[in-house]
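# Summary of structural features
Okay, here's what each chain looks like letter by letter:
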Amino acid sequence: MLQRDHHRTSRGATAPALKGGGWHRLGNALKTTVLLAGLTALVLLIGQRLGGAQGLAMAGFFAVIMNFGSYWFSDRIALAIHGAQPLPYEQAPWLHAMVERLSARAGMPKPKVYLLPTPQPNAFATGRNPSHAAVAVTAGILELLDERELEGVLAHEIGHVRNRDTLIGTVAATLAGIISYAAQMLFWFGGSMLSRGDDEEGGGIAGAMSNLGLLLVAPIAATLLQLAVSRSREYGADATGAELCGDPDALASALLKMERGAEAMPYDRAPATSHLFIVNPLHHGGVMALFSTHPPIPERVRRLREMSARMGGRSRARGGWEYAY
């Protein structure tokens, strides 16, 4: 059994329910709709360059099928990829109680709870909506974080579900993957395709250069669009999670601990899903940090510290870990 010496927090069930968030979700939906439309447009463009009108039709059909699959099966796919197993209530009643309390404050059903058998401290949420959602925690996070910090992490993940980020992230990753795969097809089978303009459209060198440019730009554009979706939603989930647990400093402390854990124990299983985790499990430093699906931890911590100050330092009064950059 996964036990804790003290599994009741001072916040309890008497804290006020989370209110608002409608405008945040609306703005998030509008921004993501534009970004996903851009990803879909790239899919269609690559399809047209690969096979003309027939390729365009096939790309459109493929995009619809992938979006449909992502909507209905995103939670099962993500959990299966990482070998997550359902965590029975009897093994960690305190953890289930924590998830249930936070979900009630968010005004949503309790998500299913899963455990990932990896020592890296991390967590993610998945599912198409609050009624079909799951929260997964790693074995490492249960060892590293104290209960106050763990509640901040779970609040962040429930914030993702409440803000409808889980479906957005899965669809963005799926479409970005399609674009990258199509670009690889263009590269490996592009000998005749790059010269289509010469035979069919009269484009000659200009047509070939256009296709070559698409080959180089498409994966980069897909990555940048995916980053825009992922980074913006992390800030939103941090804010929602801090409001849910009422303790921004706890989430800030947890982020710092998990970042160090990711540095010490990188987790490279299914890199395409790395954006689902609260902290980048791959932890690329240096120049590669510019292409990370997560915003910088120092910036996330700074925003949470400012949020704590606006709340009057109530979270600091509870005690806990203190970190500074």
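Per an unreviewed UniProt entry, the protein goes by the name Protease HtpX homolog and belongs to Corallococcus sicarius. The protein has a UniProt comment under Subcellular location (unreviewed entry) that states "Cell membrane".

### Describing the overall build of the protein
Each helix and strand counted, the protein has eleven helices and four strands in total. Every one of the 325 residues in the protein was classed for burial, and the buried ones make up 51%. Looking at the protein alone, contacts between residues at least 24 apart form 74% of all its contacts between residues at least 6 apart. Only carbon and sulfur atoms are counted for the fraction: they give 64% of the accessible area of the protein, which is about 15100 Å².

### Side note on the pairing of strand E3 (residues 123-129)
By the criterion of burial, E3 is predominantly enclosed, with seven of the seven residues buried. Bridging between E3 and strand E4 (residues 132-138) involves six bridges; their strand directions are antiparallel. Note that in E4 the partner of Gly127 across the bridge is Ala133. Counted along the chain from E3 to the antiparallel partner E4, the turn is two residues long.

### Section: the sheet that holds strand E2 (residues 112-116)
The strand order E1-E2-E4-E3 describes an open sheet built from four strands, whose pairing is mixed. Both outer strands of the open sheet, strand E1 (85-86) and E3, are each paired with one neighbouring strand and no more. Judged from the two bridges that link them, E1 and E2 form a sheet pairing that is antiparallel. Directly across from Gln85, in E2, lies its bridge partner Leu115. Against the sheet, helix H4 (residues 147-162) contacts E3 and E4, and its axis sits at roughly 25 degrees relative to E3.

### Notes on the packing of aromatic side chains
The geometry of an aromatic ring pair is captured by two quantities: the separation of the ring centres and the angle between the planes. Under the criterion given, the structure shown has two aromatic pairs. Ring geometry for Tyr267 and Phe277: centres 6.0 Å apart, planes at 70 degrees, overall edge-to-face. Taken together, the residues Tyr267 in the loop between helix H9 (248-264) and helix H10 (297-310) and Phe277 in the loop between H9 and H10 connect sequence positions ten residues apart. Across the pair, Phe277 and Tyr267 agree in class, each one buried. Through pairs of rings, three or more aromatic residues link up here, namely Phe124, Tyr267 and Phe277. Just above the ring of Tyr235 sits the side chain of Arg303; from NZ or CZ to the centre is 3.6 Å.

### Focus on unusual backbone geometry
Phi is positive for Arg164, close to 65 degrees, though the residue is something other than glycine. Considering the arrangement of structural elements, one finds Arg164 in the loop between H4 and helix H5 (165-188). On the basis of relative accessibility, which here comes to 40%, the residue Arg164 falls in the partly exposed class.

### With respect to a nonpolar patch on the surface
Where nonpolar side chains cluster on the molecular surface, the patch consists of Phe68, Tyr71, Trp72, Phe73, Ile77 and Ile81 and spans about 550 Å² of accessible area. We classify Ile81 as partly exposed; its relative accessible area is 32%.

### Here we look at the packing of helix H2 (residues 93-106) against H4
Two numbers describe how H2 lies on H4: the axes approach to 10 Å, and their chain directions differ by 45 degrees. With respect to their mutual orientation, H2 and H4 come out oblique. The two elements H2 and H4 meet at a crossing, and its hand is right-handed. Taking contact as the criterion, the partners of Trp94, Leu95, Met98, Val99, Arg101, Leu102, Ser103 and Ala106 in H2 are, on H4, Glu147, Leu150, Glu151, Leu154, Ala155, Ile158 and Arg162. The class makeup of the residues in the contact of H2 with H4 is ten nonpolar, one polar and four charged.

What counts, and where the lines are drawn
Residues numbered from 1 in each chain as written. Predicted model: local features only at pLDDT ≥ 70, side-chain atom pairs only at ≥ 80, totals over all residues. Heavy atoms only, no water. UniProt positions renumbered as here; feature names shortened; annotations may be inferred. Helix = DSSP H or I, 4+ residues; strand = E, 2+ residues; numbered from the N terminus. Buried < 20%, exposed > 50% of the residue type's maximum accessible area, 1.4 Å probe, protein only. Contact = heavy atoms within 4.5 Å. Areas by Shrake-Rupley, 256 points an atom, 1.4 Å probe, with all protein chains shown as cover. Pairing = 2+ DSSP bridges. Axes fitted to C-alpha atoms, helices over the stretch in contact; angles between N-to-C directions. Phe/Tyr/Trp six-rings, centres within 6.5 Å; stacked < 30°, edge-to-face > 60°. Lys NZ or Arg CZ within 6 Å of the ring centre and 35° of its normal. Patch = residues over 30% accessible without salt bridge, like charges linked within 9 Å, V, L, I, M, F, W, Y side chains within 5 Å. Salt bridge = Lys/Arg side-chain N within 4 Å of Asp/Glu carboxyl O. Parallel < 35°, antiparallel > 145°, perpendicular 65-115°, else oblique. Left-handed = near helix turned anticlockwise from the far one by under 90°. Nonpolar A, V, L, I, M, F, W, Y, C, P; charged D, E, K, R; others polar.

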